[in-house]
Amino acid sequence: MFKYNSASPYSKTTVRGDYLDIMDPKLVLYDETDQYYKIEPKYHMRPDLLSYAKYGTVQYWWIFAQRNKNILIDPIQDFKSGTSIRIPKLKNIR
């Protein structure tokens, strides 16, 4: 049976045959220690680059959308410079 990497947003989603079941998203719990961050121009529409800068891997790009559901409806198109988001600590997403 196929399993996704634990860093994937699909890691909890069941695979049935050759297809994914309905997505079961990983929970990213809110924490008062989250960092408030204003997206810089160099990260405009590039959550993967900010993920690398903050977590040392591009695989956690989806964490920003998961944590900021009301702000980042589209995880790429809404990731615009000047937008303020909350960034969880690495220990809170593992």
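The model shown is predicted, which means the values in this text are computed figures rather than measured ones.

Enquirer: Kindly report on the overall build of the protein chain, identifying the contributing residues and their values.
Expert: Within the protein chain, the secondary structure is distributed over two helices and four strands. Scanning the protein chain from its N terminus toward the C terminus, one meets helices and strands in the order β-β-β-α-α-β. Of the contacts formed within the protein chain by residues at least 6 apart in sequence, a portion of 52% connects residues at least 24 apart. With the model as given, the accessible surface of the protein chain reaches about 6300 Å², and the carbon-plus-sulfur share is 53%.

Enquirer: Got a sec to walk through helix 1 (residues 47-55)? Specific residues and values, please.
Expert: Every buried residue belonging to helix 1 is among Pro-47, Leu-50, Ser-51 and Tyr-55, and all of these are buried. Looking straight down helix 1, one finds that the buried residues subtend no more than 105° of arc, so they occupy a single side. Where helix 1 is buried, its residues contact strand 3 (35-38), helix 2 (62-67) and strand 4 (84-87). Looking at the residues trailing helix 1, positive phi occurs at Gly-56, about 80°.

Enquirer: Hey, could you go over the packing of aromatic side chains for me, with residue numbers and the actual values?
Expert: If you walk through the whole model with that rule in mind, you get three aromatic pairs. For the pair Tyr-55 and Tyr-60, a centre-to-centre distance of 5.8 Å together with 85° between the ring planes defines the contact as edge-to-face. Across the pair, Tyr-60 and Tyr-55 agree in class, each one buried. Look at Tyr-55 and Phe-64: their rings are 6.1 Å apart centre to centre, the planes differ by 20°, and that puts the pair in the stacked class.

Enquirer: Summarise the pairing of strand 4; cite the residues concerned and give the values.
Expert: Only one face of strand 4 is buried, namely the one carrying Ile-85 and Ile-87, since none of Ser-84 and Arg-86 on the opposite face is buried. In this sheet, strand 4 lies alongside strand 3 in antiparallel orientation, the contact comprising four bridges. Pairing of Tyr-36 across the sheet is with Arg-86, part of strand 4.

Enquirer: Describe the side chain of Asn-92, listing the residues and the values that go with them.
Expert: Inspection of the secondary structure assignment puts Asn-92 in the segment after strand 4. There is a polar contact of 3.1 Å between the side chain of Asn-92 and the side chain of Asp-31. In this structure Asn-92 touches Asp-31, Thr-33 and Asp-34, once residues within four positions along its chain are discounted.

Enquirer: Describe unusual backbone geometry, naming the residues involved and giving the relevant values.
Expert: Look at Met-45: it is not a glycine, yet its phi comes out positive at around 60°. When you line up the elements, Met-45 lands in the loop between strand 3 and helix 1. Take Met-45: its relative accessible area is 28%, and that puts it in the partly exposed class.

Enquirer: Explain the environment of Lys-89 to me, using residue names and the numbers behind them.
Expert: Position of Lys-89 among the secondary structure elements: in the segment after strand 4. C-alpha of Lys-89 to C-alpha of Thr-33: the two residues are 56 residues apart in sequence and 7.5 Å apart in space. In this structure Lys-89 touches Thr-33, Asp-34 and Tyr-55, once residues within four positions along its chain are discounted.

Calculation notes
- Residues numbered from 1 in each chain as written.
- Predicted model: local features only at pLDDT ≥ 70, side-chain atom pairs only at ≥ 80, totals over all residues.
- Heavy atoms only, no water.
- Helix = DSSP H or I, 4+ residues; strand = E, 2+ residues; numbered from the N terminus.
- Contact = heavy atoms within 4.5 Å.
- Areas by Shrake-Rupley, 256 points an atom, 1.4 Å probe, with all protein chains shown as cover.
- Buried < 20%, exposed > 50% of the residue type's maximum accessible area, 1.4 Å probe, protein only.
- Arc of directions from axis to C-beta.
- Phe/Tyr/Trp six-rings, centres within 6.5 Å; stacked < 30°, edge-to-face > 60°.
- Pairing = 2+ DSSP bridges.
- Polar contact = N/O pair within 3.5 Å; in protein donor to acceptor, adjacent residues only side chain to side chain.

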